[in-house]
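# Summary of structural features
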Amino acid sequence: AAMMAAAVARRGRLGQEGRASLCSFLLGASVAALPLLLGSSPSLLAAPGLRGRLALALHVAGVNAALLLIYPRPLYKIAIRACFLGFAFGCGLLLSTGRSAWRHFGWYMCSLSLFHYSEYLVTAINNPRSLSLDSFLLNHSFEYNLAALSSWVEFTLEKLFFPELKQISWLSTVGLLMVIFGDCLRKAAMLTAGSNFNHIVQNEKSDTHTLVTSGVYGWFRHPSYVGWFYWSIGTQVLLCNPICVVGYALASWRFFRERIEEEEITLIHFFGEEYLEYKRKVPSGLPFIKGVKLEL
């Protein structure tokens with residue numbers, strides 16, 4: 001958060017879309033304050049009875065009505081997505097702070113929602129010209145959505161049939177640390193790259209496109225991919241999902257191997273010998289992935 005605040009100060013004011021998203025995210029996250037307003041336990045979501053659920057429904061309806069009144073349609077599309085992620089983050093906090101058996105799933109909800117929202121916010125700070133609804137990465141791909149759904153199904157089924165598997169706190173803590181490390185590394189890479197970072201591999205070199213080799217790019221050639229790789233696996237370690245840990249590791253490794261080869265062909269075309277020299281000195285950062293192979 002401090003890193004993103006410093007980046008905002010360094011690059012100037014956050015644009016209209018970024019401000020709308022931030023206000024909406026915080027408005028959605030305010031659901032975490034409901035227990036204080038109701039004078040009830042933080043485990044509002046896990047508690048029996050209709051009072052908590054009714055409060056959540058009223059909160060969602062009230063916030064949505066406010067966003068409809070405040071923002072015109074183009075900004076509302078941004079605001080409702082940011083608000084949804086903020087609401088998920090707030091609900092994750094409610095689950096995390098209670099004594100519910102769903103506590104670790106609350107950590108996961110916070111991690112997932114904050115990852116997707118911060119992708120949009122950092123893009124708004126760094127490269128507003130490329131900012132779009134896709135910057136939330138909510139519609140990343142069918143495979144990505146299927147992987148998320150699979151992890152929820154595995155967690156639920158194993159919680160029903162093997163509840164003790166979901167209460168290994170030390171393992172979930174390791175997963176949480178992996179998630180924090182991975183997301184911080186990815187955001188540091190995005191902020192370091194500045195306007196050079198784009199969620200879509202660029203096929204044409206712009207006038208402002210430069211080769212970034214400082215900061216975390218001095219550690220790894222692809223720090224944003226390294227961060228996402230360990231973040232994704234960490235979410236499944238956090239959930240104590242043994243099947244998805246293996247599945248995520250294999251699927252992510254294969255995706256980034258292909259993505260890195262595609263991207264490095266473009267970077268060699270853009271920067272020539274400068275990139276080849278950088279490639280010789282700095283590893284990709286991902287295990288057993290060396291990038292595109294060229295006979296020099």
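A quick note: this is a predicted structure, and the numbers were derived from the prediction, not measured.

### A few points about helix α8 (residues 169-193)
For α8, built from 25 residues, the straight-helix expectation of 36 Å at 1.5 Å per residue is met to within 8% by its first-to-last C-alpha distance of 36 Å. Just downstream of α8, Gly194 is the residue with a positive phi angle, here 60°.

### Side note on the UniProt feature "transmembrane region" (unreviewed entry) in the chain
Mapped onto this structure's residue numbering, the UniProt feature "transmembrane region" (unreviewed entry) falls at residues 56-71, 78-99 and 228-251. Split by type, residues 56-71 is 94% helix and 0% strand. Its first and last C-alpha atoms lie 22 Å apart. Each end of residues 228-251 is marked by a C-alpha atom, and these two atoms are 12 Å apart; helix forms 88% of the span and strand 0%.

### Examining helix α2 (residues 16-29)
With 14 residues, α2 ought to run about 20 Å at 1.5 Å a step, and its terminal C-alpha atoms sit 20 Å apart, in line with that. Of the residues making up α2, those classed as buried are Gly18, Ala20, Ser21, Ser24, Phe25, Gly28 and Ala29. Buried residues of α2, viewed axially, fall in a sector of 160°; they line one side.

### Some thoughts on the environment of Gly106
The residue Gly106 is located in helix α6 (residues 103-126) in this model. Separated by 16 residues in the primary sequence, Gly106 and Gly90 place their C-alpha atoms 9.2 Å from one another. Apart from residues lying up to four places away in sequence, Gly106 is in contact with Gly92, Leu95 and Ser96.

### Focus on the environment of Ser151
Secondary-structure assignment places Ser151 in helix α7 (residues 142-161). Considering only alpha carbons, one finds Ser151 and Cys240, 89 residues apart in sequence, at a separation of 10.0 Å. At 2.7 Å, the side chain of Ser151 and the backbone oxygen of Ala148 are in polar contact.

### Structural notes on the nonpolar core
Grouped together as the largest cluster of nonpolar side chains are 51 residues, with contacts concentrated most on Tyr217, Trp228, Trp231, Tyr275 and Leu286. Looking at this core, the elements that each hand over two or more residues are α4 (51-70), α5 (73-97), α6, α7, α8, α9 (223-238), α10 (242-271) and α11 (273-281). Of all the elements, α9 adds the most residues to this core, at eight residues. Residues in contact with Trp228, not counting those within four places in the same chain, are Phe115, Leu137, His140, Tyr144, Gly182, Arg186 and Phe256. In this structure, Tyr71, Leu85, Cys110 and Leu121 belong to the second largest nonpolar core, which totals 23 residues.

### Structural notes on unusual backbone geometry
With the exception of glycine, the majority of residues adopt a negative phi angle, and the majority of peptide bonds are in the trans configuration. For Leu137, which is not glycine, the phi dihedral falls at a positive 60°. The topology assignment puts Leu137 in the loop between α6 and α7. With a phi close to 55°, Cys240 is a non-glycine residue in the positive phi region.

Analysis parameters
- Residues numbered from 1 in each chain as written.
- Predicted model: local features only at pLDDT ≥ 70, side-chain atom pairs only at ≥ 80, totals over all residues.
- Heavy atoms only, no water.
- Helix = DSSP H or I, 4+ residues; strand = E, 2+ residues; numbered from the N terminus.
- Expected span 1.5 Å × (residues − 1).
- UniProt positions renumbered as here; feature names shortened; annotations may be inferred.
- Buried < 20%, exposed > 50% of the residue type's maximum accessible area, 1.4 Å probe, protein only.
- Arc of directions from axis to C-beta.
- Contact = heavy atoms within 4.5 Å.
- Polar contact = N/O pair within 3.5 Å; in protein donor to acceptor, adjacent residues only side chain to side chain.
- Core = buried A, V, L, I, M, F, W, Y, C linked by side-chain atoms within 4.5 Å.

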